[in-house]
Amino acid sequence: VLITSGADARPIGEAPAGASATEIDGLRIVAAAATAQKCGRCWHRRDDGGSHPEHPTLCARCVVNVAGPGEERRFA
């Protein structure tokens, strides 16, 4: 649904004071730039980027796909 590095859904009562109203009643939204390192392979910004010493520019997901057995896919 979203082309984003991350998304978080919470009850409307937990919406921050600066959340913007939308045309959907009861839906508020906050957008912010991702701060995590961008993976050199998939370009996702993930907090686990650079965590593998042999592949310092990759996220953990890409390390599994490049140097391991590959991730288990549940959908096409």
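Coordinates for the structure precede this section.
Residues numbered from 1 in each chain as written. Predicted model: local features only at pLDDT ≥ 70, side-chain atom pairs only at ≥ 80, totals over all residues. Heavy atoms only, no water.

Further remarks concern the overall build of the protein. For the protein, the helix and strand inventory stands at 1 helix and 2 strands. Relative to the 2.2 N^0.38 estimate, which gives 11 Å for 76 residues, the radius of gyration of the protein is 17 Å and therefore markedly larger than a compact globule would have. Here the protein holds 76 residues, and 11% of them are scored as buried. Of the contacts formed within the protein by residues at least 6 apart in sequence, a portion of 6% connects residues at least 24 apart. One finds the centroid of the 9 positive side-chain charges in the protein at a distance of 6 Å from the centroid of its 9 negative side-chain charges. (Helix = DSSP H or I, 4+ residues; strand = E, 2+ residues; numbered from the N terminus. Rg over C-alpha atoms; globule rule 2.2 N^0.38 Å. Buried < 20%, exposed > 50% of the residue type's maximum accessible area, 1.4 Å probe, protein only. Contact = heavy atoms within 4.5 Å. Lys, Arg positive; Asp, Glu negative; His and termini not counted. Charge placed at Lys NZ, Arg CZ, Asp CG, Glu CD.)

Among the nonpolar cores identified, the biggest contains 5 residues, and these are C39, L58, C59, C62 and V63. Setting aside its immediate chain neighbours within four residues, L58 contacts C39, G40, R41, D48, G49, G50, V63 and V66. (Core = buried A, V, L, I, M, F, W, Y, C linked by side-chain atoms within 4.5 Å.)

Turning our attention to the environment of H44. Looking at where H44 falls in the secondary structure, it is placed in the loop between β2 (28–29) and α1 (60–67). Assessed through its relative accessible area of 40%, H44 is described here as partly exposed. Taking the C-alpha atoms as reference points, H44 and V30, separated by 14 residues in sequence, lie 20 Å from one another.

Turning our eyes to something else, we now look at the environment of D8. Position of D8 relative to the elements: it lies in the segment before β1 (20–21). Taking the relative accessible area as the measure of exposure, D8 reaches 59% and is therefore exposed. Counting along the chain gives 22 residues from D8 to V30, while the straight-line C-alpha distance between them is 9.8 Å. At 2.7 Å, the side chain of D8 forms a polar contact with the side chain of R10. (Polar contact = N/O pair within 3.5 Å; in protein donor to acceptor, adjacent residues only side chain to side chain.)

Before going further, it helps to examine the pattern of salt bridges. The tally for this structure, following the rule as stated, stands at 4 salt bridges. Taking the shortest distance from any N to any O, the salt bridge between D8 and R10 comes out at 2.7 Å. Judged on exposure class, the residue D8 and its partner R10 are both exposed. Put simply, R73 and E71 hold a salt bridge, and the shortest N to O gap is 3.5 Å. The partly exposed category is assigned to E71, whose relative accessible area is 29%. (Salt bridge = Lys/Arg side-chain N within 4 Å of Asp/Glu carboxyl O.)

This next bit is on the state of the cysteines. Under the criterion given, the structure shown has 0 disulfides. Here C59 stays free of any disulfide, with the sulfur of C62 as its closest cysteine sulfur at 3.8 Å. Among the cysteines around C62, which has no disulfide bond, C39 carries the closest sulfur, lying 3.7 Å off. For C62, a relative accessible area of 0% puts it in the buried group. (Disulfide = S-S within 2.5 Å.)

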